[in-house]
Amino acid sequence: DAMVIQNPRYQVTQFGKPVTLSCSQTLNHNVMYWYQQKSSQAPKLLFHYYDKDFNNEADTPDNFQSRRPNTSFCFLDIRSPGLGDAAMYLCATSRDRQAREQYFGPGTRLTVT
Amino acid sequence: AQSVTQPDIHITVSEGASLELRCNYSYGATPYLFWYVQSPGQGLQLLLKYFSGDTLVQGIKGFEAEFKRSQSSFNLRKPSVHWSDAAEYFCAVVPSGGYQKVTFGIGTKLQVIP
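These notes cover the structure that comes with them. The structure presented is a predicted model; accordingly, all values stated were derived computationally and were not measured.

### Looking at the environment of A86 of chain A
Residue and element names in this part refer to chain A.
Okay, so step 1: Within the secondary structure, A86 sits in the loop between β8 (73-78) and β9 (87-94).
Okay, so step 2: Residue class for A86 comes out partly exposed when judged on its relative accessible area of 33%.
Okay, so step 3: With 72 residues separating them along the chain, A86 and Q14 place their C-alpha atoms 11 Å apart.
Okay, so step 4: Residues within four places of A86 in sequence aside, it is in contact with K38, L110 and V112.

What follows is the structure, given as structure tokens:
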């Protein structure tokens with residue numbers, strides 16, 4: 001089945017230690033998104049890629065970076081995680097930029113110790 | 001500014017009872033409307049969507065939603081709730097035309113009691 005896959009499902013990192021979260025998709029969608037979701041809150045868009053075009057949200061901290069080496073894969077890099085970065089990170093895809101439907105992965109739960 | 005309101009943060013219903021989750025939006029024109037469900041520790045799954053046409057839309061898992069333009073609402077309903085429906089439900093809105101960011105409501109957490 002076509003899907004969005006995120007690895008790992010659970011990630012523990014130390015304060016200040018760089019961490020990378022991975023997302024892959026078999027839907028061949030042009031757009032990939034990264035969301036941050038804290039407990040009992042709505043998902044918050046960090047950035048998205050339209051093909052190779054990177055689009056950062058204005059309020060996304062510089063500590064968060066992303067890479068998309070090809071259509072299928074997208075990575076979220078947190079350069080120096082703080083305690084406030086502990087959250088669920090959701091990857092999503094959509095066929096086009098009108099974002100009519102987004103397909104979500106299962107998420108990566110990040111813990112910062 | 002565009003906004004999505006889910007006025008009920010938490011709802012408890014008995015298994016077998018009917019359910020209605022409320023969603024109101026504030027936009028200049030009719031946007032695209034969605035309901036997503038999130039089980040604990042999981043990603044979001046699309047339940048149903050409205051783009052245009054028939055204002056009553058059917059979704060997966062026995063859910064339906066009705067778009068009411070006059071009330072700027074898109075409420076989610078299910079006639080008989082099952083224990084497995086316990087989850088968090090997010091209403092989401094995307095303005096039509098061009099690239100537009102999805103705006104999610106704050107979510108409604110549904111508890112189902114036997």
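### Some thoughts on the environment of A87 of chain B
Residues and elements named next belong to chain B.
Okay, so step 1: Residue position: A87 is located in strand β10 (residues 87-94).
Okay, so step 2: For A87 and Y25, which are 62 residues apart along the polypeptide, the C-alpha to C-alpha distance reads 22 Å.
Okay, so step 3: Residue contacts for A87: discarding those within four places in its chain leaves V37, Q38, S39, T108, K109 and L110.

### Details of the pairing of β10 of chain B
All names here are of chain B.
Okay, so step 1: Among the eight residues in β10, eight count as buried, and that is most of the element.
Okay, so step 2: Every second residue of β10 is oriented toward a common face, with A87, Y89, C91 and V93 on one face and E88, F90, A92 and V94 on the other, all of them buried.
Okay, so step 3: Across seven bridges, the pairing between strand β5 (residues 32-38) and β10 is antiparallel. Each bridged residue has a counterpart across the sheet, and for L33 the counterpart in β10 is V93.
Okay, so step 4: Bridge analysis of β10 against strand β12 (residues 108-113) gives three bridges, and the strand direction is antiparallel. Bridge pairing in β12 places A87 opposite L110.
Okay, so step 5: As paired strands, β10 and strand β11 (residues 103-104) are joined by two bridges and run antiparallel to one another. Residue pairing across strands places V93 opposite T103, the latter belonging to β11.

The rules we used
The residue count restarts for each chain, going from 1 along the sequence in the order it is written. Chains carry letters from A onward and ligands carry numbers from 1 onward, assigned in written order. Two thresholds apply to this predicted model, a pLDDT of at least 70 for residue-level local features and 80 or more for giving and counting side-chain atom pairs, whereas whole-chain, interface and lining totals are computed over all residues. As a convention, hydrogens and water are excluded, and side-chain values are obtained from all of the structure's heavy atoms. Numbering of helices and strands starts at the N terminus; helices are DSSP runs of H or I of at least 4 residues and strands are runs of E of at least 2. Buried means the residue's accessible area, taken with a 1.4 Å probe over protein chains only, is under 20% of the maximum for its type, while exposed means over 50%, and partly exposed covers the values in between. Note on contacts: a residue pair is in contact if any heavy atoms of the two residues lie within 4.5 Å. Any two strands with at least two DSSP-identified bridges between them are counted as paired.

Function-wise, these values are silent; they only describe arrangement.
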